[in-house]
Amino acid sequence: MDFDAVIVGAGFSGLYMLYRLRDVLGLSARVYEAGDGVGGTWYWNRYPGARCDSEAFYYSYSFSEELQQEWTWSTKYPEQPEILRYLDHVAERFDLRRDIQLGTRVTAAVFHDDTGCWEVHTDDGSVVTARYFVSAVGALSAANVPSIPGLETFAGAWHHTAAWPHEGVDFTGRRVGLIGTGSTGIQATPVIAAEADHLFVFQRTPNYSIPARNYPISAREMDEVKADYPEIRRRCRESYAGFPYAITMTSAMDVNPDDRLATYERLWKEEGGFKFIYGSYYDLLFNRESNETAAEFIRAKIREIVEDPAVAEKLVPKDYPYGTKRPPVDTGYFETFNRPNVTLVDLRETPITEVIPSGIRTTRADYDLDVIVFATGFDAVTGALLKIDVRGRDGLRLSEKWADGATSYLGLQVAGFPNMFTVSGPGSPGVLANMPTAIEHHVEWIADCIAYMGANGFTRVEATEDAEARWVDHVREIAERTLYPLADSWYLGANIPGKKRVFLPYVGGFQPYTQRCQQVADRGYEGFTLSPA
Ligand code: NA7
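Residues numbered from 1 in each chain as written. Predicted model: local features only at pLDDT ≥ 70, side-chain atom pairs only at ≥ 80, totals over all residues. Heavy atoms only, no water.

### So, the sheet that holds strand β13 (residues 352-356)
For step 1, the next point in the chain: Pairing is antiparallel in the open sheet, where three strands are placed in the order β13-β14-β15. Every other strand in the sheet has two partners, leaving β13 and β15 (366-368) as the edge strands with one partner each. With direction set aside, neighbouring strand axes in the sheet form an average angle of 20°.
For step 2, the next point in the chain: Alignment of strand β14 (residues 359-362) against β15, held across three bridges, turns out to be antiparallel. Opposite I360, over in β15, you have Y367 as the bridge partner. (Pairing = 2+ DSSP bridges. Helix = DSSP H or I, 4+ residues; strand = E, 2+ residues; numbered from the N terminus. Axes fitted to C-alpha atoms, helices over the stretch in contact; angles between N-to-C directions.)

What follows is the structure in structure tokens.
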């Protein structure tokens, strides 16, 4: 056996997994990373306007007191280069690079029943073996470029936001078409519009975006945050979604309309960002009527900001509840549509029929373009792992196992795939929560499980079919109690043609989830079969 563990991916998850296994448990581990640098999401997503939608003071690691004390953030919502510098610093500070092989893609991973080991193949032709195989591939890393006929004939350049050229793209004097108005398109639109000759925004679904209200963090505020870290982290861990905001346990329907309006107004004007959803009324995602109060507030804001009423109306989301698609956070998004060099193209009225050499053709018009930007998202949660030919016990392919929808036990293991762990896998609260908080939990749980195995003479751990089936049912039942299934979101895989419609994240709350994971561990890894060599 070459290593105790092979980890795929060197983003937030893979870096910490390596640290935990190597430096805390003293195991041997190798990380394979397709990029030429560490950072994962923050390595790839270099598009204009790319920044964190979570505030820096909790979108970071908490595992090292020294790390959190020495690192200073410049703004409330740091831009991509700053977060990448942070992750580079982490790799440097903990001497992680010596066990990370960059520029190497894992192509296949095969479990061998006789040896109880994983055989891992990489695109440089190497094959290594390891006891444990940990997927830290990222939930939002398999870019989705829609297959639009004629793209290969386009005479200009096209880029997906998650595979952005490192040298940047100069939009000066260019006519740009941006497809997609999710979080990414909403971040990129104002920045591209400020540079381009003309920007056409091709919108399929309008979005409820909340202003970020970004600002530079002063030295004093950073000192306060540093002094307050234990409390901030505790609040994150004990929350519904890994955010440190205090949610009122009041229904939006139990307050008088004037007070409710004042709350929304304050959150919109003064606070901004995710606090609007995670720091207001607890039932926005459970009660349609409550949700409608927030949705109507945002719709009114869009109509107020956007000067052309016809454009405003196209930008107003009407047919799905607020927050049931991942809520975007913006800096001047709706205002951008007041610029003379920005045109909104409503794809519901006039769908794209093809890409032609000169640009994009819709059912109504041809748009001449020099550059097309695909802000069209990801094959979320399962896409990146399924790009690897993963085969578990008895040659079972993960792609077959998940053909009718992804399954897992606790989002951490898949039955039939012994000694394989997934960080932020399907069925975990990862993608709905503040990612670093969720990632730290998953990584620590996995490492604790591996330590337990070592200490008790076990070499194989596998989720039982029964525990997995019960968890899958539980994830579905909880989702059905919320408003989430009412939107065609990537949470459901609805953005990928042909992907089975299954609600992927666990929405029962971050703390209840971590408590359940702890209970499973305390009961000797209930729902897993542990076996000796
Ligand atoms: P998202 O949130 O999946 O948004 C993708 C956008 O692209 C969304 O507006 C889609 O419309 C649109 N889209 C996707 N395919 C097409 C086609 N074929 N034609 C037109 N428009 C299309 O991805 P993001 O990158 O913005 O954000 C992903 C996550 O990254 C985000 O949630 C954060 O967690 C960070 P649709 O809504 O499907 O109609």
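### A closer look at the site of the ligand
For step 1, the next point in the chain: Around the ligand, 18 residues are found, and the nearest of them are T181, T184, R204, T205 and K325.
For step 2, the next point in the chain: K325 places a side-chain nitrogen or oxygen 2.7 Å from an oxygen atom of the ligand.
For step 3, the next point in the chain: Taking W490, its side chain carries an N or O atom lying 3.1 Å from an oxygen atom of the ligand.
For step 4, the next point in the chain: In the complex, the protein chains occlude 85% of the 770 Å² of accessible area that the ligand would expose alone.
For step 5, the next point in the chain: By residue class, the composition of the shell around the ligand is seven nonpolar, eight polar and three charged. (Near = heavy atom within 4 Å. Polar contact = N/O pair within 3.5 Å; in protein donor to acceptor, adjacent residues only side chain to side chain. Areas by Shrake-Rupley, 256 points an atom, 1.4 Å probe, with all protein chains shown as cover. Nonpolar A, V, L, I, M, F, W, Y, C, P; charged D, E, K, R; others polar.)

### Focus: the nonpolar core
For step 1, the next point in the chain: Residues Y61, F276, Y322, L410, W445 and F528 are the most contacted members of the largest nonpolar core, which totals 130 residues.
For step 2, the next point in the chain: At eight residues, helix α14 (residues 435-455) tops the list of elements feeding residues into this core.
For step 3, the next point in the chain: Not counting residues up to four positions away in its chain, the partners in contact with W445 are L410, L412, F421, C517, V520, A521, Y525 and F528.
For step 4, the next point in the chain: One finds W118, A130, A384 and L385 within the second-largest nonpolar core, a separate group that totals 29 residues. (Core = buried A, V, L, I, M, F, W, Y, C linked by side-chain atoms within 4.5 Å. Buried < 20%, exposed > 50% of the residue type's maximum accessible area, 1.4 Å probe, protein only. Contact = heavy atoms within 4.5 Å.)

### Some points on the pattern of salt bridges
For step 1, the next point in the chain: Overall, the coordinates contain 41 salt bridges when judged by the stated rule.
For step 2, the next point in the chain: Through salt bridges with shared partners, a single network forms among R22, D23, D95, R98 and D99. (Salt bridge = Lys/Arg side-chain N within 4 Å of Asp/Glu carboxyl O.)

### Concerning helix α1 (residues 12-24)
For step 1, the next point in the chain: Here α1 is 13 residues long and its end C-alpha atoms lie 17 Å apart, about the 18 Å a rise of 1.5 Å per residue gives.
For step 2, the next point in the chain: Counting buried residues along α1, ten of its 13 residues qualify, which places the element largely inside the surrounding structure.
For step 3, the next point in the chain: Looking at the residues trailing α1, positive phi occurs at G26, about 75°. (Expected span 1.5 Å × (residues − 1).)

### Some thoughts on a nonpolar patch on the surface
For step 1, the next point in the chain: A contiguous nonpolar surface patch, about 470 Å² in accessible area, is contributed by Y240, I247, M249, Y282 and F286.
For step 2, the next point in the chain: Here F286 lies in the loop between α8 (275-278) and α9 (288-305). (Patch = residues over 30% accessible without salt bridge, like charges linked within 9 Å, V, L, I, M, F, W, Y side chains within 5 Å.)

### Some thoughts on the side chain of N45
For step 1, the next point in the chain: Considering the arrangement of structural elements, one finds N45 in the loop between α2 (41-44) and α3 (65-70).
For step 2, the next point in the chain: With a relative accessible area of 8%, N45 lands in the buried category.
For step 3, the next point in the chain: Discounting residues that sit within four places of it in the chain, N45 has contacts with A50, Q80, T161, A162 and F378.

### Considerations on the packing of helix α7 (residues 257-271) against α9
For step 1, the next point in the chain: Here α7 crosses α9 at 55°, and the two axes come no closer than 11 Å. Overall, the two elements α7 and α9 adopt an arrangement that is oblique. Like other packed secondary-structure pairs, α7 and α9 cross with a definite hand, here right-handed. Two secondary-structure elements touch here, α7 through R260, L261, Y264, E265 and W268 and α9 through S290, T293, A294, F297, I298, K301 and I305.
For step 2, the next point in the chain: Looking at side-chain class alone, the contact of α7 with α9 contains seven nonpolar, two polar and three charged residues. (Parallel < 35°, antiparallel > 145°, perpendicular 65-115°, else oblique. Left-handed = near helix turned anticlockwise from the far one by under 90°.)

### So, unusual backbone geometry
For step 1, the next point in the chain: Of note, the phi angle at D95 is positive, near 50°, even though the residue is not glycine.
For step 2, the next point in the chain: Inspection of the secondary structure puts D95 in the loop between α4 (80-93) and β3 (100-101).
For step 3, the next point in the chain: You can call D95 partly exposed: its relative accessible area is 40%.
For step 4, the next point in the chain: A positive phi angle, near 65°, is found at L410, a position not held by glycine.
For step 5, the next point in the chain: Following the sequence through the fold, L410 ends up in the loop between α13 (398-401) and β18 (420-422).

### Regarding the packing of aromatic side chains
For step 1, the next point in the chain: A complete count under the given rule lists 54 aromatic pairs for this structure.
For step 2, the next point in the chain: Their ring planes at 85° and their centres at 5.8 Å tell us that Y264 and Y281 sit as a pair that is edge-to-face. Here the residue Y264 occupies a position in helix α7, and Y281 occupies one in the loop between α8 and α9, the gap between them amounting to 17 residues. An identical accessibility class is assigned to Y264 and Y281; each is buried.
For step 3, the next point in the chain: Measuring from ring centre to ring centre gives 5.2 Å for Y333 and F337, while their planes differ by 85°; the resulting arrangement is edge-to-face.
For step 4, the next point in the chain: Overall, the relative accessible area of 2% leaves Y333 in the buried class. (Phe/Tyr/Trp six-rings, centres within 6.5 Å; stacked < 30°, edge-to-face > 60°.)

### What about the sheet that holds strand β8 (residues 175-179)?
For step 1, the next point in the chain: Pairing in this open sheet of five strands is parallel, and the strands run β7-β16-β8-β9-β12 from one edge to the other. Pairing within the sheet leaves two strands with one partner each, and these edge strands are β7 (157-160) and β12 (342-346). Mean inter-strand twist for the sheet, computed between neighbouring axes without regard to direction, equals 20°.
For step 2, the next point in the chain: With five bridges connecting them, strand β9 (residues 198-203) and β12 associate as parallel partners. Bridging across to β12, V201 finds its partner in L344.
For step 3, the next point in the chain: Contacting β8, β9, β12 and β16 (371-374), helix α5 (residues 183-195) runs over the sheet at an angle of about 170° to β8.

### Remarks on the packing of α1 against α14
For step 1, the next point in the chain: Packing of α1 against α14 leaves a shortest axis separation of 9 Å and a crossing angle of 35°. The handedness of the crossing between α1 and α14 comes out as right-handed. Contacts between α1 and α14 involve F12, S13, Y16, M17, R20 and L21 from the first element and P436, I439, E440, V443, E444, I446, A447 and I450 from the second.

### Describing the pairing of strand β5 (residues 117-122)
For step 1, the next point in the chain: Relative to β5, strand β4 (residues 106-112) is paired through six bridges, and the arrangement is antiparallel. What sits directly across from A108, in β5, is H121.
For step 2, the next point in the chain: As consecutive antiparallel partners, β4 and β5 are separated by four residues, and within that stretch G116 has a phi angle of approximately 70°, a positive value.
For step 3, the next point in the chain: Sheet topology places β5 next to strand β6 (residues 127-135); four bridges connect them, and they run antiparallel. Its bridge partner lying in β6, V120 is registered against V128.
For step 4, the next point in the chain: Hairpin connection between β5 and β6: a loop of four residues separates the two successive antiparallel strands, and G125 in this loop has a positive phi of roughly 90°.

Nothing here speaks to function; it is all geometry.
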